[in-house]
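Notes for the structure review
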Amino acid sequence: MEYLYDDYILELSKKFSSRLEDIKSDYNFDLGDEFEIAICEILRNFLPTKYGICRGFVVNSKGQKAGDDIIIYDQLDFPTIRTNKKDDYSRKENIPIEAVYAYIEAKHTLTKESFEKSVYQIGEVKKLCQTRKKTDLYQTDALVGNYVDRGNILEHLPKYRNPILTIIMSRYSSNIENKKSENELETKEFLNSFHNIFPSDSSCPELVVSGKDNILSVGYINEQGESIGTLFYPDNGFKVGYENLMTKDLAFGVFLSHLMASLNWVRLGSMPWIEILNQARSKIII
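No experiment lies behind these values; they were computed from the predicted model shown.

What follows covers the packing of aromatic side chains. In total, this model carries nine aromatic pairs according to the counting rule given. Between F115 and F194, the ring centres sit 4.5 Å apart and the planes meet at 10 degrees, which makes this aromatic pair stacked. With F115 in helix α3 (residues 112–129) and F194 in the loop between α4 (184–192) and β8 (207–210), the pair connects residues that are 79 residues apart, well separated along the chain. Taking 5.5 Å as the distance between ring centres and 25 degrees as the angle between the ring planes, the aromatic pair formed by Y220 and F238 counts as stacked. Pair noted here: Y220 is in strand β9 (residues 214–221) and F238 is in the loop between β10 (227–229) and β11 (239–246), with a separation of 18 residues, a long-range link. By relative accessible area, Y220 is classed as buried at 2%. Its relative accessible area of 22% is what places F238 among the partly exposed residues. Connected via pairs of aromatic rings, a cluster forms that spans F115, F190, F194, F198 and Y242. Looking at K134, its charged tip hangs above the ring of Y147, at a distance of 5.9 Å from the centre. The positively charged end of K180 is found above the aromatic ring belonging to Y172, 3.8 Å away from the centroid.

Turning to the pairing of β8, a few remarks are in order. The alternating pattern of β8 places L207 and V209 and V208 and S210 on opposite faces, both of which are buried. Alignment of strand β6 (residues 165–174) against β8, held across four bridges, turns out to be parallel. Residue pairing for β8: S170 is matched across the bridge by S210. Sheet topology places β8 next to β9; three bridges connect them, and they run antiparallel. The partner of L207 across the bridge, within β9, is S217. Between β8 and β9, which pair antiparallel and follow one another directly, the connecting turn spans three residues, one of which, G211, has a positive phi of 80 degrees.

Across the eight residues of β9, seven count as buried, placing the element largely inside the fold. Two strands pair when backbone bridges link them, and β9 and β11 are joined in this way by eight bridges, in the antiparallel orientation. When the sheet's bridge partners are listed, I215 is paired in β11 with L245. Relative to β10, β9 is paired through three bridges, and the arrangement is antiparallel. Considered in β10, the bridge of Y220 is made with I228.

Moving on, we come to the side chain of N222. Its place among the elements puts N222 in the loop between β9 and β10. Exposure remark for N222: the relative accessible area of 9% places this residue in the buried category. At 3.0 Å, the side chain of N222 and the backbone nitrogen of Q224 are in polar contact. Engagement of the side chain of N222 in a polar contact is seen with the side chain of E226, the distance being 2.8 Å. Setting aside residues up to four positions removed in sequence, N222 forms contacts with E155, I228 and F238.

What follows is about α4. Inspection of α4 places T187, F190 and L191 among the buried residues, and these make up the whole buried set. For α4, the buried positions fall inside an angular range of 95 degrees around the axis, keeping them on one side.

Now for the environment of E226. Summarising the element assignment, E226 is placed in the loop between β9 and β10. Non-local contacts of E226, meaning those with residues more than four positions away in its chain, are made with Y220 and I221.

All right, on to the nonpolar core then. Of all hydrophobic cores here, the largest spans 72 residues; its most connected members are L43, I72 and M169. A per-element tally of this core places helix α5 (residues 251–265) first, with nine residues. Filtering out sequence-adjacent residues up to four positions away, L43 remains in contact with I53, I70, I72, I104, F255, L256 and L259.

Quick look at the pattern of salt bridges now. As enumerated under the stated definition, the model contains 15 salt bridges in all. Across the pair K107 and D69 runs a salt bridge whose closest N-O atoms are separated by 3.8 Å. In this pair, K107 is assigned in strand β5 (residues 100–110) and D69 in the loop between β2 (65–66) and β3 (70–74), connecting sequence segments 38 residues apart. Each member of the pair, K107 as well as D69, carries the same accessibility label: buried. For the salt bridge of E184 with K248, the shortest nitrogen-to-oxygen distance reads 3.9 Å. A residue pair is termed long-range when its members are at least 10 positions apart, and E184 in helix α4 and K248 in the loop between β11 and α5 qualify at 64 residues. Since its relative accessible area comes to 24%, E184 is described here as partly exposed. Here the salt bridges do not stand alone but share partners, grouping D33, E36 and R55 into one network.

Reading the values: rules and limits
Residues numbered from 1 in each chain as written. Predicted model: local features only at pLDDT ≥ 70, side-chain atom pairs only at ≥ 80, totals over all residues. Heavy atoms only, no water. Phe/Tyr/Trp six-rings, centres within 6.5 Å; stacked < 30°, edge-to-face > 60°. Helix = DSSP H or I, 4+ residues; strand = E, 2+ residues; numbered from the N terminus. Buried < 20%, exposed > 50% of the residue type's maximum accessible area, 1.4 Å probe, protein only. Lys NZ or Arg CZ within 6 Å of the ring centre and 35° of its normal. Pairing = 2+ DSSP bridges. Polar contact = N/O pair within 3.5 Å; in protein donor to acceptor, adjacent residues only side chain to side chain. Contact = heavy atoms within 4.5 Å. Arc of directions from axis to C-beta. Core = buried A, V, L, I, M, F, W, Y, C linked by side-chain atoms within 4.5 Å. Salt bridge = Lys/Arg side-chain N within 4 Å of Asp/Glu carboxyl O.

Remember that the coordinates give geometry; whether it matters functionally is a separate question.
Here it is as structure tokens:
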């Protein structure tokens, strides 16, 4: 089968796998931190420079935190207090929720335990980020205008422009016996066993990549009974579920393509600089 743009998505998958093999000579991937750092390095080569990449936590104005894996954020408009040198992913950072595009749980091998933990972590990150001020569909300036719920103008896309994308991404998967496996049928069976652990709300991940051949992709069933895949967790009132797909050698390409498509949709709001300034002024001793 030929894919768009001269097999672009297939080439992405191949390059992703190849880059992991190259990096493996520097990291043995025995530790989760090493694999997360490797994924950060790959994403840095793939994503445009406007997108910052780090490991760490999303944090709100009250100091509440969530997460501890990979964050993609706006590094042009949202200054962060980085303690690392550029492209040093060894230490974890705090990123304001207003600046966050996406959160990724990166696992070298997806097991029952790591799957359940990742779903929980993503739920906590989403709950925190969903408290940020929504960007209206027609808002062109983050400082002017307020969100208005107009319903789903586009059925398959959110009602606002700054949802957070969340992904579980693993290099390898386990089978139903919780042992490492590279068999796509065993991986599909493994993923099927986890449908009941997803919360029945928008705190669920949008995509699960389980090795190079398997994905769980969120979507909904429309009025015609058709299964419609979506970039973000649907908020259109239809029944939501996951498609368990075997994508021979394409899963990493799907991961990168889904990420880029979602980043293109998101239009972040702004930091509450006036509130920050006024609070600081109130503390000044004259």
